[in-house]
Protein chains: 2
Amino acid sequence: MVQLGRHFGTGPASLAEVAADEDLPRAYLEQLVTSLRDAGLVRSTRGARGGYELARDPAEIRMGEVLRALEGPLAPMICATADPEHATTCDRSARCTVNVLWVRVRDAVNSALDSMTLADLVPEPGAPTTLPTTTLTGALTPS
Amino acid sequence: MVQLGRHFGTGPASLAEVAADEDLPRAYLEQLVTSLRDAGLVRSTRGARGGYELARDPAEIRMGEVLRALEGPLAPMICATADPEHATTCDRSARCTVNVLWVRVRDAVNSALDSMTLADLVPEPGAPTTLPTTTLTGALTPS
DNA sequence: CTCAATCCCGACGAAACTACTCGGGATTGA
DNA sequence: TCAATCCCGAGTAGTTTCGTCGGGATTGAG
């Protein structure tokens, strides 16, 4: 995604390119990018000179979206999934008091991820690696 | 640990007890409790009528300590371990710009875990499950 | 003193997951 | 027409997690 971010605005980048730049197997990237496409984060163009490009501006893509697209609902335990579709109650839920903790961790992780956008991670060609400025957070309140 | 928390003050609890209460295999608990003992979170008494007990008051045991004792340094990626002893630089670190993100996630997780103590999770015999009040956080600042 | 209840320890094993491979098909620009 | 792409589903090696197994050391109770 960072690679596609660098490439943003200049048409699609082929998986072969990304694979070379990032030193990852092309076949593997194919798998990953499929999830990203299904999540609407990247657009694909088929045929010769085709490839992938970001569906939105890097600044509009929260890292939480990327990670959730790749990994599914981000939760430290099954009993703490935010997504009600994937909700599964473990058989211990009656006695277990730890759920509160997992929910907090889950929210902390998702807030942290959603507080940065892809733009924060795409290296500007000229400038040195700067600290990110984007902050749409405000959701880290622990209680 | 929650079980030991309930038992706090009334002498050691045997693994057999905990295993029964928590419906987990005793032999497995043995493994876990070894890490907890090595981390100084529980004390063991050998011989008949022996067992394990918390080394400190439940309110003085942060959940982060427990999790780190059981799982090692809590980091979403190898390149973001706080503990310099376990530090390993991945061969991608030169080009990779994502480290900042992992560090944020790591800190968010550890803060969330350290913001609750075992006491927050031990059910009071009389009272219903209440929301935790302990907050020694203040470390969640994202920038 | 003896013995049963306990902790202590190291090695082993199965199931699940992660990161990746493979082979072939569909689409499209040159 | 054909090569460069994306598309798709199935397979697989290595690691990790969760748990097993067998036996040894320690100690309170009778």
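In the block above lies the structure referred to throughout.
## Notes on the overall build of chain A
Here is step 1 of the chain: What chain A contains, in helices and strands, is six helices and two strands.
Here is step 2 of the chain: Contacts spanning at least 24 positions in sequence make up 58% of the contacts within chain A whose residues lie at least 6 apart.
Here is step 3 of the chain: As presented, chain A carries roughly 8,200 Å² of accessible surface, and 52% of it is formed by carbon and sulfur atoms.

## A look at unusual backbone geometry
Residues and elements named next belong to chain A.
Here is step 1 of the chain: We note that Arg49 has phi near 60 degrees; this positive angle belongs to a residue other than glycine.
Here is step 2 of the chain: Counting through the fold element by element, Arg49 comes out in the loop between strand E1 (42-45) and strand E2 (51-54).
Here is step 3 of the chain: Exposure remark for Arg49: the relative accessible area of 83% places this residue in the exposed category.

## Examining the protein's contact with DNA strand C
Here is step 1 of the chain: Neighbouring DNA strand C are 21 residues; Pro25 and Gln31 of chain A together with Glu30, Ser44 and Tyr52 of chain B lie closest to it.
Here is step 2 of the chain: Here the atoms of DNA strand C within 4 Å of the protein split so that 64% fall in sugar or phosphate, with bases taking the remainder.
Here is step 3 of the chain: In this structure, a phosphate oxygen belonging to DNA strand C sits 2.9 Å away from a main-chain N or O atom of Leu15 of chain B.
Here is step 4 of the chain: With respect to DNA strand C, the side chain of Arg37 of chain B contributes an N or O atom lying 3.1 Å from a phosphate oxygen.

## Looking at the pattern of salt bridges
Residue and element names in this part refer to chain B.
Here is step 1 of the chain: Throughout the structure, instances matching the rule amount to ten salt bridges over all chains.
Here is step 2 of the chain: For Arg56, the salt bridge is made with Glu65, and the minimal N-O distance between the two is 2.7 Å.
Here is step 3 of the chain: In this structure Arg56 comes out as partly exposed when scored by relative accessible area, which is 29%.

## So, the protein's contact with DNA strand D
Here is step 1 of the chain: Every one of the 21 residues lining DNA strand D counts as a neighbour, but Glu30, Ser44 and Tyr52 of chain A together with Pro25 and Tyr28 of chain B are closest to it.
Here is step 2 of the chain: With respect to DNA strand D, the backbone of Leu15 of chain A contributes an N or O atom lying 2.9 Å from a phosphate oxygen.
Here is step 3 of the chain: The side chain of Tyr52 of chain A places a nitrogen or oxygen atom 2.6 Å from a phosphate oxygen of DNA strand D.
Here is step 4 of the chain: Looking at the surface near DNA strand D, the elements with two or more residues in it are helix H3 (26-38), E1 and E2 of chain A together with helix H3 (26-38) of chain B.
Here is step 5 of the chain: Here the surface near DNA strand D is built from residues that sort into eight nonpolar, nine polar and four charged.

## Notes on the nonpolar core
As a rule of thumb, nonpolar side chains are buried together in soluble globular proteins.
Here is step 1 of the chain: Membership of the largest hydrophobic core comes to 64 residues, with the highest contact counts inside it found for Met63 of chain A together with Met63 of chain B.
Here is step 2 of the chain: In this structure, Met63 of chain A is in contact with Leu113, Met116, Thr117, Leu118 and Leu121 of chain A together with Leu101 of chain B, ignoring residues within four places of it in sequence.

## A closer look at the relation of the copies chain A and chain B
Here is step 1 of the chain: The two copies are related by a screw operation: chain A maps onto chain B through 180 degrees of rotation and 0.0 Å of translation along the axis, at an RMSD of 0.1 Å. As the rotation angle and translation indicate, the two copies are arranged about a two-fold axis. Across chain A, the smallest distance between a C-alpha and the rotation axis is recorded for Ala108 of chain A, namely 2.7 Å.
Here is step 2 of the chain: Looking at the interface residues of chain A, 100% of them are also at the interface in chain B, so both copies use one shared face.

## Brief notes about the environment of Thr117 of chain B
Here is step 1 of the chain: Within the element layout of this structure, Thr117 of chain B appears in the segment after helix H5 (99-114).
Here is step 2 of the chain: Of the residues examined, Thr117 of chain B reaches a relative accessible area of 3% and is grouped as buried.

## What to know about the packing of helix H5 (residues 99-114) of chain A against H5 of chain B
Here is step 1 of the chain: Where H5 of chain A contacts H5 of chain B, the two axes come as close as 8 Å, and the packing angle between them is 155 degrees. Overall, the two elements H5 of chain A and H5 of chain B adopt an arrangement that is roughly antiparallel. Crossing angle aside, the handedness with which H5 of chain A passes H5 of chain B is right-handed. Two secondary-structure elements touch here, H5 of chain A through Leu101, Arg104, Val105, Ala108, Val109, Ala112 and Leu113 of chain A and H5 of chain B through Leu101, Arg104, Val105, Ala108, Val109, Ala112 and Leu113 of chain B.

## Some details on the pairing of strand E2 (residues 51-54) of chain B
Here is step 1 of the chain: The sheet contact formed by strand E1 (residues 42-45) of chain B and E2 of chain B spans four bridges and is antiparallel. Its bridge partner lying in E2 of chain B, Thr45 of chain B is registered against Gly51 of chain B.

Scoring rules and cut-offs
- Residues numbered from 1 in each chain as written.
- Chains lettered and ligands numbered in written order.
- Predicted model: local features only at pLDDT ≥ 70, side-chain atom pairs only at ≥ 80, totals over all residues.
- Heavy atoms only, no water.
- Helix = DSSP H or I, 4+ residues; strand = E, 2+ residues; numbered from the N terminus.
- Contact = heavy atoms within 4.5 Å.
- Areas by Shrake-Rupley, 256 points an atom, 1.4 Å probe, with all protein chains shown as cover.
- Buried < 20%, exposed > 50% of the residue type's maximum accessible area, 1.4 Å probe, protein only.
- Near = heavy atom within 4 Å.
- Polar contact = N/O pair within 3.5 Å; in protein donor to acceptor, adjacent residues only side chain to side chain.
- Salt bridge = Lys/Arg side-chain N within 4 Å of Asp/Glu carboxyl O.
- Nonpolar A, V, L, I, M, F, W, Y, C, P; charged D, E, K, R; others polar.
- Core = buried A, V, L, I, M, F, W, Y, C linked by side-chain atoms within 4.5 Å.
- Least-squares fit on C-alpha atoms with pLDDT ≥ 70 in both.
- Axes fitted to C-alpha atoms, helices over the stretch in contact; angles between N-to-C directions.
- Parallel < 35°, antiparallel > 145°, perpendicular 65-115°, else oblique.
- Left-handed = near helix turned anticlockwise from the far one by under 90°.
- Pairing = 2+ DSSP bridges.

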